Amino acid sequence: MTALPAIPSHIAIVMDGNGRWAKKRNRPRTMGHQAGLKALRTTIEHCARLGVGTLTVFAFSSENWNRPPSEVSRLMELFLSALDKEVKELHANRICLRFIGDKAAFKSAIRTKMTDAEKLTAANDLLIANIAVNYGGRWDITQAARQVARAAIEGRLSPDDIDESGFADFLALSASPDPDLFIRTGGEMRISNFVLWQSAYSEFWFTPVLWPDFDETTLDEAILAFQSRQRRYGRTGDQVTGAADA
Ligand code: IPE
Ligand code: IPE
Ligand code: MG
């Protein structure tokens, strides 16, 4: 019996292109963010259906504070209202929600709702959905280094014992396996400070599709591309397939 092609255990997505989607329709950029929320809902549901264990999405980067204040405040309003409207149904659908990023920067109403949503959905086991907010890969590595340094100074950790896996325990995604598949919509081919440490061996898939247009078909296409890749982790192709040495 041939094994079924593997569904990625963890998918990470840079949800880009909301502004351009709206601009194409002569609508304000925030309309694009609103439409992007719908695409996120569809993506979470489809991942759950396919048996993807973990989905991590980039919703707001540490650098997105540099946008015009009106767009930032509209994004915060949208975030707050999404926390009010979406959490109940996600919980009913057995989705476990986690927020990763420097949450201290958000106003208390948002922080409280994030904590409440995490508590409510903590035991859900169908899909873990990590929402990256005020997140940056460099922030994550820096905050982990700060924790490691503190542990060393307090004598809880010897510098000689710091290794890659021990260091990763301090990162925001310590509870999740590294992403197998990294998707970016919107046509740009860059990481933009997303999961820097964790994407060391992720398979990358870029699409010009703007995030609000991303749907089940686009996700299936990305997974199909993923399934055609050979992941070698530094070994040779023959080693991976088990073929005899040439
Ligand atoms: C991604 O879409 C959403 C956020 C960064 C919050 P953009 O708003 O970056 O959309 P484009 O790239 O300008 O089209
Ligand atoms: C990355 O998109 C961040 C999110 C999708 C939340 P950006 O639109 O901020 O990235 P750049 O500025 O084009 O690199
Ligand atoms: Mg963008």
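Residues numbered from 1 in each chain as written. Chains lettered and ligands numbered in written order. Predicted model: local features only at pLDDT ≥ 70, side-chain atom pairs only at ≥ 80, totals over all residues. Heavy atoms only, no water.

Concerning the site of ligand 2
Val14, Met15, Asp16, Phe58, Ala59, Phe60, Asn64, Arg67, Arg184, Arg190 and Ser192 make up every residue found near ligand 2. A distance of 2.9 Å separates an oxygen atom of ligand 2 from a polar atom in the side chain of asparagine 64. A distance of 2.8 Å separates an oxygen atom of ligand 2 from a polar side-chain atom of arginine 190. Coverage of ligand 2 by the protein amounts to 78% of the 390 Å² it exposes when considered alone. (Near = heavy atom within 4 Å. Polar contact = N/O pair within 3.5 Å; in protein donor to acceptor, adjacent residues only side chain to side chain. Areas by Shrake-Rupley, 256 points an atom, 1.4 Å probe, with all protein chains shown as cover.)

What to know about the confidence of the model for the protein chain
For the protein chain, the average pLDDT comes to 96, and 98% of its residues sit at 70 or higher. By mean pLDDT, the top-scoring element of the protein chain is strand 1 (residues 10-14) (99), and the lowest-scoring one is helix 8 (residues 237-241) (96). (pLDDT = per-residue confidence, 0-100. Helix = DSSP H or I, 4+ residues; strand = E, 2+ residues; numbered from the N terminus.)

Considering the sheet that holds strand 3 (residues 95-100)
In space, the six strands of this open sheet follow the order 3-4-2-1-5-6, with parallel pairing throughout. Taken across any chain shown, the strands that pair with only one partner, and hence form the sheet edges, are strand 3 and strand 6 (203-206). Neighbouring strand axes in the sheet, compared pairwise and without regard to direction, differ in orientation by 20 degrees on average. (Pairing = 2+ DSSP bridges. Axes fitted to C-alpha atoms, helices over the stretch in contact; angles between N-to-C directions.)

Some thoughts on unusual backbone geometry
Glycine aside, negative phi is the norm for most residues, and most peptide bonds take the trans geometry. In this structure, asparagine 26 is a non-glycine residue whose phi angle is positive, near 60 degrees. Along the polypeptide, asparagine 26 turns up in the loop between helix 1 (18-24) and helix 2 (29-50). The backbone of asparagine 134 sits at a positive phi, close to 45 degrees, despite the residue not being glycine. As for its position among the elements, asparagine 134 is in strand 4 (residues 127-135). Overall, asparagine 134 belongs to the buried group, its relative accessible area being 6%. (Buried < 20%, exposed > 50% of the residue type's maximum accessible area, 1.4 Å probe, protein only.)

Section: the packing of aromatic side chains
With the rule as written, the count across this model stands at 14 aromatic pairs. The interplanar angle of 75 degrees and the centroid separation of 4.9 Å between the aromatic rings of phenylalanine 60 and tryptophan 65 together place this pair among those described as edge-to-face. The exposure class assigned to phenylalanine 60 is buried, which follows from its relative accessible area of 5%. Measuring from ring centre to ring centre gives 6.1 Å for phenylalanine 204 and phenylalanine 206, while their planes differ by 25 degrees; the resulting arrangement is stacked. Connected via pairs of aromatic rings, a cluster forms that spans Phe58, Tyr135, Trp139, Phe182, Phe194, Phe204 and Phe206. We note arginine 25 situated over the ring of tryptophan 21; from NZ or CZ to the ring centre the distance is 4.0 Å. (Phe/Tyr/Trp six-rings, centres within 6.5 Å; stacked < 30°, edge-to-face > 60°. Lys NZ or Arg CZ within 6 Å of the ring centre and 35° of its normal.)

As for the site of ligand 1
Surveying the vicinity of ligand 1 reveals the residues Met15, Asp16, Gly17, Asn18, Gly19, Arg20, Arg29, His33, Ala59, Asn64 and Arg67. One of the backbone N or O atoms of glycine 19 is found 2.9 Å from an oxygen atom in ligand 1. Taking arginine 20, its side chain carries an N or O atom lying 2.7 Å from an oxygen atom of ligand 1. Protein contact buries 87% of the 380 Å² of open area that ligand 1 shows by itself.

Quick notes on the state of the cysteines
Counting across every chain of the model gives zero disulfides. Considering cysteine sulfurs only, cysteine 96 is the nearest to cysteine 47, which forms no disulfide, with 14 Å between them. (Disulfide = S-S within 2.5 Å.)

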